[in-house]
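# An overview of the molecular structure
Single-letter residue listing:
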Amino acid sequence: MPEYEFVDVYVPRGVPRKEATRLLTDHAEYGNWELDRLSLHRDGSRRVRLRRRIIRQVRATW
């Protein structure tokens, strides 16, 4: 079963959709994050949960 690490990003209501898209695209391209969950609140703010896989290296024995 893969392990993931998560980060929550809060986007306030005054941020246009295009800026929010750019912010999330930057996270995806440069940090290898992917969208896990998006919550749109009544006041127009967004709470985004991003995830990325944790890759554990197996130690080699000699």
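Please refer to the structure placed before this passage.
Read on for a plain summary of the structure. (Residues numbered from 1 in each chain as written. Predicted model: local features only at pLDDT ≥ 70, side-chain atom pairs only at ≥ 80, totals over all residues. Heavy atoms only, no water.)

Here the focus is the overall build of the protein chain. When its secondary structure is counted, the protein chain shows 1 helix and 3 strands. Each helix and strand of the protein chain, ordered N terminal to C terminal, gives the series β-α-β-β. The C-alpha radius of gyration of the protein chain comes to 15 Å, more than 25% above the 11 Å expected for a compact globule of 62 residues. With respect to the three principal axes, the spread of C-alpha positions in the protein chain is 60 × 20 × 10 Å. Counting the 62 residues in the protein chain, one finds 15% classified as buried. By element, 50% of the accessible surface of the protein chain is carried by carbon and sulfur atoms, the whole surface being about 5700 Å². Charged side chains in the protein chain number 14 positive and 9 negative. The centres of these two groups are separated by 3 Å. (Helix = DSSP H or I, 4+ residues; strand = E, 2+ residues; numbered from the N terminus. Rg over C-alpha atoms; globule rule 2.2 N^0.38 Å. Buried < 20%, exposed > 50% of the residue type's maximum accessible area, 1.4 Å probe, protein only. Areas by Shrake-Rupley, 256 points an atom, 1.4 Å probe, with all protein chains shown as cover. Lys, Arg positive; Asp, Glu negative; His and termini not counted. Charge placed at Lys NZ, Arg CZ, Asp CG, Glu CD.)

A separate point is the sheet that holds strand β1 (residues 3-11). Read across the open sheet, the 3 strands follow the order β1-β3-β2; overall the sheet is antiparallel. Whereas interior strands pair on both sides, the edge strands pair on one side only; in this sheet they are β1 and β2 (34-40). Neighbouring strand axes in the sheet, compared pairwise and without regard to direction, differ in orientation by 20° on average. Note: β1 against strand β3 (residues 46-54), 9 bridges, orientation antiparallel. Looking at the pairing, Tyr4 lines up with Arg53 of β3. Along the sheet face, helix α1 (residues 17-31) touches β1 and β3 and points at about 10° away from the line of β3. (Pairing = 2+ DSSP bridges. Axes fitted to C-alpha atoms, helices over the stretch in contact; angles between N-to-C directions. Contact = heavy atoms within 4.5 Å.)

Okay, the packing of aromatic side chains next. Given two aromatic rings, their pairing is described by the distance between the two centres and the angle made by the two planes. Summed over the entire model, instances satisfying the criterion amount to 0 aromatic pairs. The residue whose ring lies beneath Arg51 is Tyr4, and the NZ or CZ to ring-centre distance is 4.3 Å. (Phe/Tyr/Trp six-rings, centres within 6.5 Å; stacked < 30°, edge-to-face > 60°. Lys NZ or Arg CZ within 6 Å of the ring centre and 35° of its normal.)

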